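# Breakdown of the fold
Letter by letter, the chains look like this.
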Amino acid sequence: MDYNEIISFVQEIELFQGLSEREFQILSESIEESTFRRGELLFEENGERKDLFLIYDGEVELFKKNVYGEEKRLSFFTRGDFLGEGSWSSDSKHSTSARAVVDTHVLSVKKEYFVENSESALKVLSNVAQVISRRMRHANNRMVNVAAQYEAGETRQEHDLLGYRDVPNQAYYGIQTMRAIENFNISGVTLNFYPVLVESLAMVKKAAAQANHDLGLLDDKIADAITTACTEIANGRYQYHFVVDMIQGGAGTSTNMNANEVIANRALEIMGRKKGDYEYCHPNNHVNLSQSTNDAYPTAIKIALYNNNINLIETLKKLIGSFMKKGEEFKDVLKMGRTQLQDAVPMTLGQNFMAWGVTLEEEVQRLEENVRLFLEINMGATAIGTGINSDPDYADKVVKHLRDITGLDLKNAENLVEATQDTGAFVMYSSAIKRLAVKLSKISNDLRLLSSGPRTGLNEINLPPMQPGSSIMPGKVNPVIPEVVNQVAFKVIGNDLTVTIAAEAGQLELNVMEPVIVQSIFESVEMLKNGMMTLKHRCIDNITANRERCLGMVQNSISIVTALNPVLGYETCSALAKEALETDGSVYDLCINKGLLSKEELDKILSPERMIRPQKMK
């Protein structure tokens with residue numbers, strides 16, 4: 001790149017506002033060009049800050065790893081964006097990682113620039129402070145109260161059918177979203193808590209804009225601006241402006257309008273206009289064209305739940321893997337199996353863990369089957385399924401675009417009137433995640449029983465100690481991880497009941513209770529993912545076996561007489577069991593003392609490989 005190209009580019013970037021021509025020249029001399037190939041890191045979490053990165057061309061994702069080493073994407077950056085603005089701090093470390101999504105051309109400003117050009121650097125750092133302040137404000141708004149955004153000084157006036165209101169100028173949402181914030185301070189969990197939902201709303205709006213453009217209903221400029229805005233949102237930008245509570249009246253209208261307003265205002269910026277200049281791009285007339293909340297909202301929800309299910313299954317498979325690994329580790333640990341909490345027949349501890357893994361494997365298939373119901377949507381239905389205010393060709397075109405955008409095999413329902421009022425897919429999927437929760441709770445109950453004691457319980461396994469268990473009893477350690485998974489399951493089971501009641505509450509052509517259905521399912525999935533990861537990493541992976549304890553209980557159990565049945569017969573074995581109970585002796589010792597079997601014969605019959613699987617009877 002030549003000097004003019006660099007200067008022209010950096011002058012557009014917020015960080016360098018206020019620099020003189022001479023200062024821009026000095027800056028350009030401090031800039032280095034580089035290309036990062038797809039998948040290559042620009043910087044890594046906990047690494048030293050060295051450069052301020054300016055994206056000239058390409059795409060970069062910002063991500064952070066959680067305590068389990070899993071990556072969570074935080075945001076997405078394209079041309080004109082900047083990263084690493086904290087590089088001016090000599091001892092600062094990167095708190096996140098940045099990776100090229102495609103081959104990306106980057107201009108970097110070295111840390112030395114800030115040291116050697118103090119006057120220019122002061123201007124840049126002033127702009128950096130504004131950026132950080134804005135980011136912190138968004139973070140605080142999410143954590144504390146979205147209404148805090150009203151504190152902004154500069155406002156713009158907007159109106160709706162109820163009148164006029166001043167909207168914070170930095171907000172991309174508008175007056176209808178503001179009213180929803182005031183009306184629905186319910187759960188404290190807003191739309192942006194679930195990025196996959198925001199992304200899906202943007203995908204639906206993008207497909208609608210493209211379909212309307214195909215039909216000549218949107219001109220090139222407006223369609224391109226809406227499409228670009230939707231792409232940015234789907235890639236993680238502006239998501240903190242989706243501030244409506246998940247639980248709301250109006251059948252999701254507030255969610256739909258939150259999306260319409262954010263997209264319209266961002267599209268206006270892209271068109272060179274100011275936020276609120278709805279004459280040029282209107283939330284209803286343009287972004288919501290050919291749509292209703294009653295088709296756009298449930299379609300976005302279904303896409304979001306389908307994509308969210310992928311993460312749920314990935315987490316479930318990791319937990320299954322841990323159970324299977326423990327099953328292999330404990331395959332030679334002989335122990336007593338129990339029915340009705342009474343001694344039954346011997347098994348191995350490995351069989352316990354393998355059984356838990358297999359029962360959870362079944363849920364992968366159930367989830368995959370039920371989530372496919374979400375591939376049937378109702379785009380083009382508009383208000384009640386009749387398609388009023390949409391072109392006859394719109395439904396087919398919007399679904400085609402939505403398939404291309406999402407990569408999912410979406411199809412419109414044959415009867416859009418039925419599809420607009422039906423919430424059966426949500427009921428089915430909720431039942432699948434409830435079934436998973438029930439199984440996880442049963443497993444957690446088993447873990448608590450098998451680890452009970454340590455002196456007066458079963459004490460067959462040791463759960464990793466996570467925290468002191470009592471404020472009064474020294475040395476006590478409780479099974480807190482299985483306990484919390486139990487509680488997660490209880491919430492999921494309760495949420496399923498909520499979904500069932502809400503689905504039943506539908507009336508005539510629409511079910512206005514969809515928001516609580518949506519909130520319940522998203523909450524259940526999020527809690528299950530977190531609960532399963534906690535169970536895997538903080539419990540299952542570090543369980544150990546009390547081998548001698550397990551073997552001792554087998555040898556002392558009267559129930560091993562069952563294994564002698566084919567050799568000694570039922571009557572003899574009944575007499576042995578009765579005598580063992582009356583004398584508090586062991587069947588093992590009685591059998592040898594009475595000369596019924598030698599120790600060698602008895603050990604062979606009672607060997608693990610003979611007792612834990614079927615054997616030839618002759």
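Residues numbered from 1 in each chain as written. Predicted model: local features only at pLDDT ≥ 70, side-chain atom pairs only at ≥ 80, totals over all residues. Heavy atoms only, no water.

### As for the overall build of the protein chain
Of regular secondary structure, the protein chain possesses 22 helices and 16 strands. Taking the principal axes of its C-alpha atoms as reference, the protein chain extends roughly 105 × 70 × 50 Å. Burial analysis of the protein chain (618 residues in total) assigns 51% to the buried set. Summarising the internal contacts of the protein chain: among those between residues at least 6 apart in sequence, 73% fall at separations of at least 24. For the protein chain, the accessible area works out to roughly 29400 Å², and carbon and sulfur atoms hold 50% of it. Taken together, the 65 basic and 83 acidic charged side chains of the protein chain have centroids lying 6 Å from each other. (Helix = DSSP H or I, 4+ residues; strand = E, 2+ residues; numbered from the N terminus. Buried < 20%, exposed > 50% of the residue type's maximum accessible area, 1.4 Å probe, protein only. Contact = heavy atoms within 4.5 Å. Areas by Shrake-Rupley, 256 points an atom, 1.4 Å probe, with all protein chains shown as cover. Lys, Arg positive; Asp, Glu negative; His and termini not counted. Charge placed at Lys NZ, Arg CZ, Asp CG, Glu CD.)

### Notes on empty space enclosed by the protein
Counted according to the given criterion, the structure contains two cavities of 30 Å³ or more. In this model, the second largest cavity occupies a volume close to 30 Å³. Together, Leu191, Leu197, Met246, Gln248, Thr255, Tyr297, Ile301, Pro515 and Val518 line the second largest cavity. Its residues placed into classes, the lining of the second largest cavity shows seven nonpolar, two polar and no charged. (1 Å grid on protein atoms, 1.4 Å probe; cavity = no way out; pocket = protein on both sides within 12 Å on 5 of 7 lines; lining within 4 Å. Points joined across faces, edges and corners; volume = space filled by probe spheres on them. Nonpolar A, V, L, I, M, F, W, Y, C, P; charged D, E, K, R; others polar.)

### A short note on the pattern of salt bridges
When the charged atoms of two side chains lie near each other, side chains of opposite charge can form a pair. Using the criterion set out here, one finds 28 salt bridges in the structure. Here glutamate 61 and arginine 99 are joined by a salt bridge, their closest N and O atoms 2.9 Å apart. With glutamate 61 in strand β4 (residues 60–65) and arginine 99 in strand β7 (residues 97–100), the pair connects residues that are 38 residues apart, well separated along the chain. The class for glutamate 61 is buried, based on a relative accessible area of 15%. Accessibility expressed as a relative area gives 18% for arginine 99, which makes it buried. (Salt bridge = Lys/Arg side-chain N within 4 Å of Asp/Glu carboxyl O.)

### Here we look at the packing of helix α6 (residues 195–214) against helix α10 (residues 293–329)
Their axes nearest at 8 Å, the elements α6 and α10 cross at an angle of 130 degrees. It follows from the interaxial angle that α6 and α10 lie oblique. Crossing angle aside, the handedness with which α6 passes α10 is right-handed. Judged by residue contacts, Val196, Leu197, Ser200, Leu201, Met203, Val204 and Lys205 of α6 engage Ala296, Thr299, Ala300, Ile301, Ile303, Ala304, Asn307 and Asn308 from α10. Within the contact of α6 with α10, the residues separate by chemical class into 10 nonpolar, four polar and one charged. (Axes fitted to C-alpha atoms, helices over the stretch in contact; angles between N-to-C directions. Parallel < 35°, antiparallel > 145°, perpendicular 65-115°, else oblique. Left-handed = near helix turned anticlockwise from the far one by under 90°.)

### Focus: the sheet that holds strand β6 (residues 82–83)
Ordered by their spatial adjacency, four strands build an open sheet running β1-β8-β3-β6, and the pairing between neighbours is antiparallel. With one partner strand each, in any of the chains shown, β1 (31–36) and β6 form the two edges of the open sheet. Pairing geometry for strand β3 (residues 51–57) and β6, over two bridges, is antiparallel. If you follow phenylalanine 53 over to β6, its bridge partner there is leucine 83. Docked against the sheet, helix α1 (residues 3–10) engages β1, β3 and β8 (104–110), running at close to 100 degrees with respect to β3. (Pairing = 2+ DSSP bridges.)

### Section: the packing of aromatic side chains
As enumerated under the stated definition, the model contains 12 aromatic pairs in all. Ring centres 6.2 Å apart and planes at 40 degrees place the aromatic pair phenylalanine 323 and phenylalanine 353 in the tilted group. A residue pair is termed long-range when its members are at least 10 positions apart, and phenylalanine 323 in helix α10 and phenylalanine 353 in helix α11 (residues 349–371) qualify at 30 residues. A relative accessible area of 0% means that phenylalanine 323 is categorised as buried. By relative accessible area, which is 0% here, phenylalanine 353 ends up buried. Relative to phenylalanine 426, the ring of phenylalanine 374 has its centre 5.5 Å away and its plane inclined at 45 degrees; by these criteria the two rings are tilted. Taken together, the residues phenylalanine 374 in the loop between α11 and β13 (376–377) and phenylalanine 426 in helix α14 (residues 424–450) connect sequence positions 52 residues apart. Here the aromatic residues Phe323, Phe330, Phe353 and Trp356 are joined through ring pairs into a cluster of three or more. The residue whose ring lies beneath arginine 79 is tyrosine 56, and the NZ or CZ to ring-centre distance is 4.6 Å. (Phe/Tyr/Trp six-rings, centres within 6.5 Å; stacked < 30°, edge-to-face > 60°. Lys NZ or Arg CZ within 6 Å of the ring centre and 35° of its normal.)

### Let's talk about the sheet that holds strand β5 (residues 71–77)
Strand pairing in a sheet relies on backbone hydrogen bonds, with the paired strands running either antiparallel or parallel. Strand order in this open sheet of four strands is β2-β7-β4-β5, and the pairing throughout is antiparallel. Each edge of the open sheet is held by one strand with a lone partner, namely β2 (41–43) and β5. Mean inter-strand twist for the sheet, computed between neighbouring axes without regard to direction, equals 30 degrees. Inspection of the sheet shows β4 paired to β5 by six bridges, in the antiparallel sense. When the bridges of β5 are listed, phenylalanine 63 appears paired with arginine 73.

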